[in-house]
Amino acid sequence: RLDEAPPLHYPHAISDAEASAPPVLQRLMSGDYRDLGWERITSSVQISRLRTGDPNYEFALYRIAAGGKIPEHAHRGSELTLVLSGGFFDNAGEYHAGDFLLREPGDVHSPTVVGKQDCICLTVQEAPVQFTAWKYRWLNPFLRLKAG
């Protein structure tokens, strides 16, 4: 749950919104992503799933290493993404910190990091993606959302 961890204290001034937010969101708003339990997906992609209590959607952070990309995949359900830091491009455009984007079922893309900074995104998914790149298709039967 988002409100189970003790509040965090930061050396910089924080807004009232940050101070009243659940601890995990405080960390996200301040850019503190270090100890959120990152799991390696590929050599350049890591995921940190956030427990929200919602059984229908997976909330997660994705960290894509500078110069890295997420293998081409199709969306089986809607996905809302907020770029928190860095940026990426795909076949539909280029996105940077503060940009929101919505992917619909059937959308296919391969996000690739721009610049020399890691890209960190917050995503909300209603269904797991399906890899379309031949090298990663074997993973598809194992992809499950970890909502809740």
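Just so it is clear, the model here is predicted, and its values are computed rather than measured.

Focus on the pattern of salt bridges
1) Next: Scanning all chains against the criterion turns up three salt bridges.
2) Next: Where E58 meets R49, a salt bridge forms, and the shortest distance between an N and an O atom there is 2.9 Å.
3) Next: Owing to a relative accessible area of 2%, E58 belongs among the buried residues under this scheme.
4) Next: Given the relative accessible area of 26%, R49 is considered partly exposed.
5) Next: Through salt bridges with shared partners, a single ionic network connects E39, R49 and E58.

Let's talk about the packing of aromatic side chains
1) Next: Overall, the coordinates contain two aromatic pairs when judged by the stated rule.
2) Next: Between the aromatic rings of F88 and Y95, the centroid separation amounts to 5.1 Å while the plane-to-plane angle is 40 degrees, which identifies the pairing as tilted.
3) Next: Its relative accessible area of 3% is what places F88 among the buried residues.
4) Next: Residue classification places Y95 among the buried residues on the basis of a relative accessible area of 12%.
5) Next: When the ring of F131 is compared with that of Y136, the centres are 5.8 Å apart and the planes differ by 45 degrees; the resulting orientation is tilted.
6) Next: We note R63 situated over the ring of W38; from NZ or CZ to the ring centre the distance is 4.1 Å.

Topic: the environment of G106
1) Next: Along the chain, G106 falls in the loop between β8 (100–103) and β9 (108–109).
2) Next: Judged by relative accessible area, G106 falls into the exposed class, the value being 52%.

Examining the pairing of strand β3 (residues 58–64)
1) Next: The buried count for β3 comes to six of seven residues, which makes it a mostly enclosed element.
2) Next: Relative to β3, strand β2 (residues 45–50) runs antiparallel, the two sharing six bridges. Bridging across to β3, L50 finds its partner in F59.

What counts, and where the lines are drawn
- Residues numbered from 1 in each chain as written.
- Predicted model: local features only at pLDDT ≥ 70, side-chain atom pairs only at ≥ 80, totals over all residues.
- Heavy atoms only, no water.
- Salt bridge = Lys/Arg side-chain N within 4 Å of Asp/Glu carboxyl O.
- Buried < 20%, exposed > 50% of the residue type's maximum accessible area, 1.4 Å probe, protein only.
- Phe/Tyr/Trp six-rings, centres within 6.5 Å; stacked < 30°, edge-to-face > 60°.
- Lys NZ or Arg CZ within 6 Å of the ring centre and 35° of its normal.
- Helix = DSSP H or I, 4+ residues; strand = E, 2+ residues; numbered from the N terminus.
- Pairing = 2+ DSSP bridges.

Honestly, that's just the spatial picture; any functional story needs more than this.
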